[in-house]
Amino acid sequence: MYESIFAKQKQFYQTGKTKPLHFRIEALKQLKRAIKYYEKELMQAMRRDFNKQEEDAYLTEIGYVYNDINHTLKNMKAWAEAKKVKTPITHFGSKSVIHKEPYGVALIISPWNYPFNLAVSPLIGAISAGNTAVLKPSEHTPHVAGVISDIIELAFPDHYISALEGGIETNQALLKLPFDYIFYTGSSHVGRIVMKEAAEKLIPLTLELGGKSPAIVTEHANLELAAKRIAWGKYSNAGQTCVAPDYIYIQANVKEIFLEHLKYYTHKFYHEAYISGRYMQIINNSHFERVNNLIQGNVVYGGHSNRNARMIEPAIINDVEFDHPAMQEEIFGPVLPVLSFENFDKAILDVRDMPDPLALYIFTDKKSEAQEVISRIPFGGGAVNDAMYHLATPYLPFGGRGSSGMGKYHGKYSFDTFTHDKSILKQTTLFDIPFRYPNAERIQKLIRFIWR
Ligand code: NAD
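Attention in this report is confined to the structure presented alongside it.

Cut-offs and rules
Residues numbered from 1 in each chain as written. Predicted model: local features only at pLDDT ≥ 70, side-chain atom pairs only at ≥ 80, totals over all residues. Heavy atoms only, no water. Buried < 20%, exposed > 50% of the residue type's maximum accessible area, 1.4 Å probe, protein only. Helix = DSSP H or I, 4+ residues; strand = E, 2+ residues; numbered from the N terminus. Arc of directions from axis to C-beta. Contact = heavy atoms within 4.5 Å. Polar contact = N/O pair within 3.5 Å; in protein donor to acceptor, adjacent residues only side chain to side chain. Patch = residues over 30% accessible without salt bridge, like charges linked within 9 Å, V, L, I, M, F, W, Y side chains within 5 Å. Areas by Shrake-Rupley, 256 points an atom, 1.4 Å probe, with all protein chains shown as cover. Salt bridge = Lys/Arg side-chain N within 4 Å of Asp/Glu carboxyl O. Pairing = 2+ DSSP bridges. Axes fitted to C-alpha atoms, helices over the stretch in contact; angles between N-to-C directions.

## A closer look at helix α12 (residues 344-352)
- Listed as buried for α12 are Phe-344, Ala-347, Ile-348, Asp-350 and Val-351. The arc enclosing the buried residues of α12, seen along the axis, measures out at 165 degrees, which places them on a common side.
- Among the structural elements, β8 (214-217), β9 (247-251), β14 (335-341), β15 (359-363) and α13 (367-376) are those in contact with the buried residues of α12.
- The residue sitting at the N-terminus of α12 and contributing the capping side-chain oxygen is Asn-343; that oxygen lies 2.9 Å from the backbone nitrogen of Asp-345.

## Side note on the side chain of Ser-236
- Residue placement: Ser-236 occurs in the loop between α9 (223-235) and β9.
- Side-chain polar atoms of Ser-236 contact the side chain of Tyr-270, separated by 3.3 Å.
- Ignoring any residue separated from it by four or fewer positions in sequence, one finds Ser-236 in contact with Ala-231, Thr-241, Tyr-270 and Met-388.

## Some words on the environment of Gly-211
- Along the chain, the position of Gly-211 falls in the loop between β7 (205-208) and β8.
- In sequence terms Gly-211 and Met-354 are 143 residues apart; their C-alpha atoms lie 9.7 Å from each other.
- Not counting residues within four places of it along the chain, the set of residues in contact with Gly-211 comprises Asp-246 and Glu-330.

## Considering a nonpolar patch on the surface
- On the surface, a cluster of nonpolar side chains totalling about 910 Å² of accessible area is made up of Ile-89, Phe-92, Leu-430, Phe-431, Leu-446, Phe-449, Ile-450 and Trp-451.
- Relative to the helices and strands, Leu-446 resides in helix α15 (residues 441-450).
- A relative accessible area of 39% places Leu-446 in the partly exposed class.

## Section: the sheet that holds β7
- Strands sit in the order β5-β4-β3-β6-β7-β17 across an open sheet of six strands; the sheet is mixed. In this open sheet, the two edge strands, each paired with only one partner strand, are β5 (161-163) and β17 (405-406).
- Here strand β4 (residues 132-136) runs beside β5; their pairing, made up of three bridges, is parallel. Within β5, the position partnered with Val-134 by the bridge is Ser-162.
- In the packing of helix α6 (residues 142-155) onto the sheet, the strands contacted are β4 and β5, and the crossing angle to β5 comes to about 160 degrees.

## Considering the sheet that holds strand β2 (residues 95-102)
- A sheet is described by the order of its strands in space; here three strands give the open sequence β1-β2-β18, paired in antiparallel fashion. Strand pairing shows two members of the sheet lacking a second neighbour, β1 (83-85) and β18 (419-426), which therefore form its edges. Taking the axes of each pair of neighbouring strands and ignoring which way they run, one obtains an average angle of 30 degrees across the sheet.
- Bridge count between β1 and β2: three bridges; the pairing is antiparallel. Within the sheet, the bridge partner assigned to Lys-84 lies in β2 and is Val-97.

So, in structure tokens, the structure goes:
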């Protein structure tokens, strides 16, 4: 079955029909119409899968995707145009052009934590660049996966775009096929498996992975605002966000005041939701047990849980050291360890010793501190005096480095990701400069002069 879908898509891609700009524009408009048609079902599915409420579903998934489509529609003509570039004197008489060529048939594998956004946002890039695509949403959010299938079926024939529901076996079968591009979002563990499969067939790929993203807070920070923004960034989606602040690393002399603000805003934003059962669920029992087991030590706020409802109250753990269980892996839940440092330079070295995080947040009003963090610690991307908000702009590329991933997307970067830059030198036939040919001693001298 998967082979036949792949073969159909390959055949359709080869007809060249996906390439004209008007085809891609119409496809994106069609996608938007189909999402609008299924918007209610999508919201219900998110609630059924993990209790995601309507406002959140719209803000972080559906509305986000509409905005992404609108931005792409507005700009893709300029992105898709062939670009003229300079030509050196050694190539006198010729012109240099970069043609924007789609890869072909793309495979998009997405996770459960933003089950709609993280499946459809890369798809927008694939479509805008002129590819066909197979979408494999996460099996852990089956209701959303079902509605994604309905949307795709309504919008497109499966020889162009198709969504396949299924578990790990489906991924394994898909990864055996010779796709032209793979876009994977999920854990580093599975990222390695995907990359191995891609390497076997030399398939180019993007890996959007995770990691432990720190929030560093110094004595020069606006502590109240830092606490407010961190509380939102951490506990939205019950902490199940790839760029959620994973832990706080704060200068010891301001920790206690900061903690008061953090408790205040955590309570203000999420207490009512937890008590009334409107807070997001942890995705499944095994993740519930895993996250719940991390709540150890000096818990200074929250940390209650309801196993039947798969709900964990936002928790703050104070006085944490690097050997605490919560510091051994990405938390991916509403548990926030707080570590402290005396010396800013040591804080930089400590964070730099850990695997490259997907995001890093530095809270300080001292420019030199922010600059030091940015220039001395490798990480995917991040923010000064904010958390998580950097991924909601189409103008900044989003992606990790090292163990947090490779490649980038969002806005134009999504288009670029699914596009091959095909370089073409257009040579003149009016004359033939003899630079390159043997036995042109004087010319060789000239070359040595130009390239000295
Ligand atoms: P996951 O890696 O378990 O699953 C992602 C996808 O991989 C799913 O579709 C799943 O079916 C598939 N998969 C699972 N096991 C597989 C196997 N053995 N072979 C082939 N495919 C397999 O990830 P998850 O639990 O859904 O998501 C959580 C992780 O994703 C976290 O680490 C988080 O940080 C990361 N994440 C990263 C981003 C980003 O944009 N960088 C976004 C969201 C989540």
